[in-house]
Amino acid sequence: MTSKPTACLVLADGTVFYGMGFGAAGICVAELCFNTAMTGYQEIMTDPSYAGQIVTFTFPHIGNTGVTDEDDETADPVAAGMVVKWDPTEPSNWRSQGALSDWLSRRGRIAIGGIDTRRLTRAIRAQGAPHVALQHAPDGVFDLEDLIAKARGFKGLEGLDLAKEVTCAQSYQWDQTRWAWPDGYGTRQTPGHKVVAIDYGAKRNILRCLASAGCDVTVLPATATAEDILAHEPDGVFLSNGPGDPAATGVYAVPAIKEVLKQDIPVFGICLGHQMLALALGAKTIKMNHGHHGANHPVKDYTTGKVEITSMNHGFTVDTQTLPEGVSETHVSLFDGSNCGIKLDGKPVFSVQYHPEASPGPQDSYYLFERFAQAMADRAA
């Protein structure tokens, strides 16, 4: 580096990475993960599933297309901070409404550039997702002992229920549909299947996909009871993505899901919702070494034999060995063989670990929303 560092990333083992800070000034403490996606940095930073995490981007060109309000997955960034190889350049894209650094600064999120992200990624893979402290100090003054102590004092995500922190405060309706050229986002005009979506940290594009598939969506908070859900007389129930330890969220979510399952209505889950469904059916979840975060993950669908290229973001996984009788594994990661989908045999109840609403190029997995809609249509017939 040719100038004095203005940011540093400190791992709990005492390793220090110096770089140039951008975005907000200050200190944040979190778990560190890496994401291999080449696009979608704004969607990643606003994905509620990243609560409690700092994201290392392995692709070096982060920020070069700027930011636009249309790409936010929630109102504000949820990821605690970001780590990149190169400092963001001036944005160059016809959709850009501003620069990434300014966007982060307005929203109180810290970022560091000039980091050897390959070395950092190898460290994450070797030792598991480390606890870290990230500081952006424009004057270049750092108290390393204090930062190391902060990193070591972070309790981690195991046992942590973060869904309550990112869920909606009250119920609301959703009718916006997927983005399409040249009009942008649309609005569902015709009546559709009545779907209650439980918001454990729902991404907006999931709700758009449900609306595009013909669903009349009502979103309820993560703490909604079975009585709250069934009072809407839904044709189907959707379980959303979200952050934290599924076992912790399951304390209040699983009893509600178990009651819903008794009603013989279609249920569809994604990410944390997939894990909630698995827990409700009697399986268990476990913490992964460094998780799956990226837009290039191959997943095999056992029901068709096809391979999908998917987007993923999870640090916990369903333990396949604990799936009870009557619950089948439908999808599996071709990277490490971890579980990526289940179904309740003989029932319109299924879920996937990955994100079928995310389209980093291919739209291989949108069929899952259509499958959910068809299950509701079949039930009504």
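Every chain is numbered on its own, with residues counted from 1 as its sequence reads. Only residues with pLDDT of 70 or above have their local features reported here, since the model is predicted, and side-chain atom pairs are shown and tallied only from 80 upward, although totals for entire chains, interfaces and linings are computed over all residues. With hydrogens and water set aside, each side-chain value is computed from the structure's full complement of heavy atoms.

K.L.:
Account for the side chain of Gln 353, with residues named and values stated.
P.N.:
Only runs of H or I of at least four residues qualify as helices and only runs of E of at least two qualify as strands under DSSP, and these elements are numbered from the N terminus. Tracing the sequence through the fold places Gln 353 in the loop between strand S17 (349-352) and helix H10 (367-380). Given the relative accessible area of 0%, Gln 353 is considered buried. A polar contact of 3.0 Å, which involves the side chain of Gln 353, links it to the side chain of Gln 275. Residue contacts are defined here by distance: any two heavy atoms, one from each residue, within 4.5 Å place the two residues in contact. Residues in contact with Gln 353, not counting those within four places in the same chain, are Cys 271, His 274, Gln 275, His 314, Phe 316, Thr 317, Val 318, Asn 339, Cys 340 and Gly 341. Accessible area is worked out with a 1.4 Å probe on protein chains only. A residue is then buried under 20% of its type maximum, exposed over 50%, and partly exposed in between. Any N or O atom pair separated by 3.5 Å or less is treated as a polar contact, with the protein-specific requirement of one donor-capable and one acceptor-capable atom, and with residues adjacent in sequence counted only for side-chain atom pairs.

K.L.:
If you had to explain the pattern of salt bridges to someone new, which residues and values would you point to?
P.N.:
Take a side-chain nitrogen of Lys or Arg and a carboxyl oxygen of Asp or Glu: if they are within 4 Å of each other, that pair is a salt bridge. Applying the stated criterion across every chain yields a total of nine salt bridges. Of the charged contacts, one joins Arg 95 and Asp 71 as a salt bridge, the two residues approaching to 2.9 Å between their closest N and O atoms. In this pair, Arg 95 is assigned in the loop between strand S5 (81-83) and helix H2 (100-106) and Asp 71 in the loop between strand S4 (53-57) and S5, connecting sequence segments 24 residues apart. Three or more residues joined by partner-sharing salt bridges are found here, namely Glu 70, Asp 71 and Arg 95.

K.L.:
Describe the nonpolar core, with residues and values.
P.N.:
The criterion is simple. A nonpolar core is a set of buried Ala, Val, Leu, Ile, Met, Phe, Trp, Tyr and Cys residues joined through side-chain atoms within 4.5 Å. Residues Ile 198, Tyr 200, Ile 229, Val 237, Leu 239 and Leu 277 are the most contacted members of the largest nonpolar core, which totals 30 residues. If sequence neighbours within four positions are ignored, Val 237 has contacts with Val 196, Ile 198, Ile 229, Val 260, Ile 265, Pro 266, Val 267, Phe 268 and Phe 372. Core analysis: the second largest hydrophobic core is formed by 29 residues, Ala 197, Val 217, Val 219 and Tyr 366 among them.

K.L.:
Pulling in residues and values, what's your account of unusual backbone geometry?
P.N.:
With the exception of glycine, the majority of residues adopt a negative phi angle, and the majority of peptide bonds are in the trans configuration. In this model, Trp 181 is joined to Pro 182 through a cis peptide bond whose omega is 0 degrees. Phi is positive for Glu 233, close to 50 degrees, though the residue is something other than glycine. Within the fold, Glu 233 resides in the loop between helix H7 (226-230) and strand S11 (236-239). Owing to a relative accessible area of 60%, Glu 233 belongs among the exposed residues under this scheme. Positive phi, normally seen in glycine, also occurs at Cys 271, with a value near 60 degrees. Mapping Cys 271 onto the fold places it in the loop between strand S12 (267-270) and helix H9 (272-280). Under the relative-accessibility criterion, Cys 271 is labelled buried at 2%.

K.L.:
How would you sum up H10? Please name residues and give values.
P.N.:
Here H10 is 14 residues long and its end C-alpha atoms lie 20 Å apart, about the 20 Å a rise of 1.5 Å per residue gives. Where the residues of H10 are buried, they touch strand S9 (193-199), helix H6 (204-212), strand S10 (215-221), S11, S12 and S17. One less than the number of residues in a helix, times 1.5 Å, gives the span that helix is expected to have.

K.L.:
Can you break down the sheet that holds strand S3 (residues 26-35) residue by residue, with the values?
P.N.:
What holds strands together in a sheet is hydrogen bonding between their backbones, with the strands either parallel or antiparallel. At least two bridges found by DSSP between two strands are what make those strands a pair. In space, the seven strands of this closed barrel follow the order S1-S2-S6-S5-S4-S3-S7, with mixed pairing throughout. Each strand of the sheet is rotated relative to its neighbour by a mean of 35 degrees, with strand direction disregarded. Pairing between S5 and strand S6 (residues 110-113): three bridges, direction parallel. The residue bridging Val 83 from the neighbouring strand is Ile 112, located in S6. Sitting on the sheet, helix H3 (residues 117-127) touches strand S1 (7-11), strand S2 (16-23), S3, S4 and S5, and the angle it makes with S3 is about 80 degrees. Geometry is summarised by axes, namely lines fitted to C-alpha atoms with helices restricted to the contacting stretch, and by angles between N-to-C directions that run from 0 to 180 degrees. Its contacts with the sheet place helix H4 (residues 144-153) against S1, S2, S3 and strand S7 (131-136), and it is angled at close to 50 degrees to S1.

K.L.:
Pulling in residues and values, what's your account of the layout of surface pockets?
P.N.:
Approximately 1100 Å³ is the volume found for the largest pocket. In this analysis a 1.4 Å probe is tested at points of a 1 Å grid over the protein atoms alone, and where it fits but cannot get out there is a cavity; an open set with protein on both sides within 12 Å along at least five of seven lines is a pocket; lining residues have an atom within 4 Å of a point. Around the largest pocket sit 43 residues that line it, and Thr 39, Gly 40, Glu 43, Asp 71 and Ser 359 are the ones nearest its centre. Of all the secondary structure elements, the ones that give two or more residues to the lining of the largest pocket are helix H1 (41-45), H6, strand S13 (285-301) and strand S14 (307-318). Sort the elements by how many residues they give to the lining of the largest pocket and H1 lands first, with four residues. Under the convention adopted here, Pro, Cys and the residues Ala, Val, Leu, Ile, Met, Phe, Trp and Tyr are nonpolar, Asp, Glu, Lys and Arg are charged, and Gly plus all remaining residues are polar. Here the residues of the lining of the largest pocket sort into 13 nonpolar, 19 polar and 11 charged. Grid points are joined across faces, edges and corners, and a volume is the space filled by probe spheres set on the points. For the second largest pocket, the calculated volume is near 220 Å³. Around the second largest pocket, the lining is made up of 13 residues, and of these Arg 125, His 290, Gly 291, His 292 and His 297 lie nearest the centre. For the lining of the second largest pocket, the element with the highest residue contribution is S13, accounting for eight residues.

K.L.:
How would you summarise the sheet that holds S9 if you had to cite specific residues and measurements?
P.N.:
If you trace the 10 strands from one edge of the open sheet to the other, you get S8-S10-S9-S11-S12-S17-S16-S15-S13-S14, paired in mixed fashion. At either margin of the open sheet sits one strand with a lone partner, and together these are strand S8 (172-174) and S14. Across the sheet, the mean angle separating the axes of adjacent strands is 25 degrees when strand polarity is ignored. Here strand S16 (residues 339-344) runs beside S17; their pairing, made up of three bridges, is antiparallel. Following the sheet pairing, Lys 343 is matched in S17 by Phe 350.

K.L.:
Please provide a residue-by-residue account of the packing of aromatic side chains, values included.
P.N.:
For this analysis, a ring pair means two rings from Phe, Tyr or Trp (six-membered ring only for Trp) whose centres lie within 6.5 Å, classed as stacked if their planes differ by under 30 degrees, edge-to-face if by over 60, and tilted for the remaining angles. Scanning all chains against the criterion turns up seven aromatic pairs. Arranged with centres 5.8 Å apart and planes meeting at 90 degrees, the rings of Trp 94 and Trp 181 form a pair that is edge-to-face. Placement of Trp 94 in the loop between S5 and H2 and of Trp 181 in the loop between S8 and S9 is noted, with a sequence separation of 87 residues between them. The class for Trp 94 is exposed, based on a relative accessible area of 64%. Overall, the relative accessible area of 64% leaves Trp 181 in the exposed class. An aromatic cluster of at least three residues, connected via ring pairs, comprises Phe 238, Phe 268, Phe 350, Tyr 366, Phe 369 and Phe 372. Look at NZ for Lys and CZ for Arg. If either is within 6 Å of the ring centre and within 35 degrees of the ring normal, a charge sits over the ring. Geometry around Tyr 185 places Arg 208 over its ring, the cationic atom sitting 3.9 Å from the centre. One cation-aromatic arrangement involves Arg 371 over Phe 350; the distance from NZ or CZ to the ring centre is 5.9 Å.

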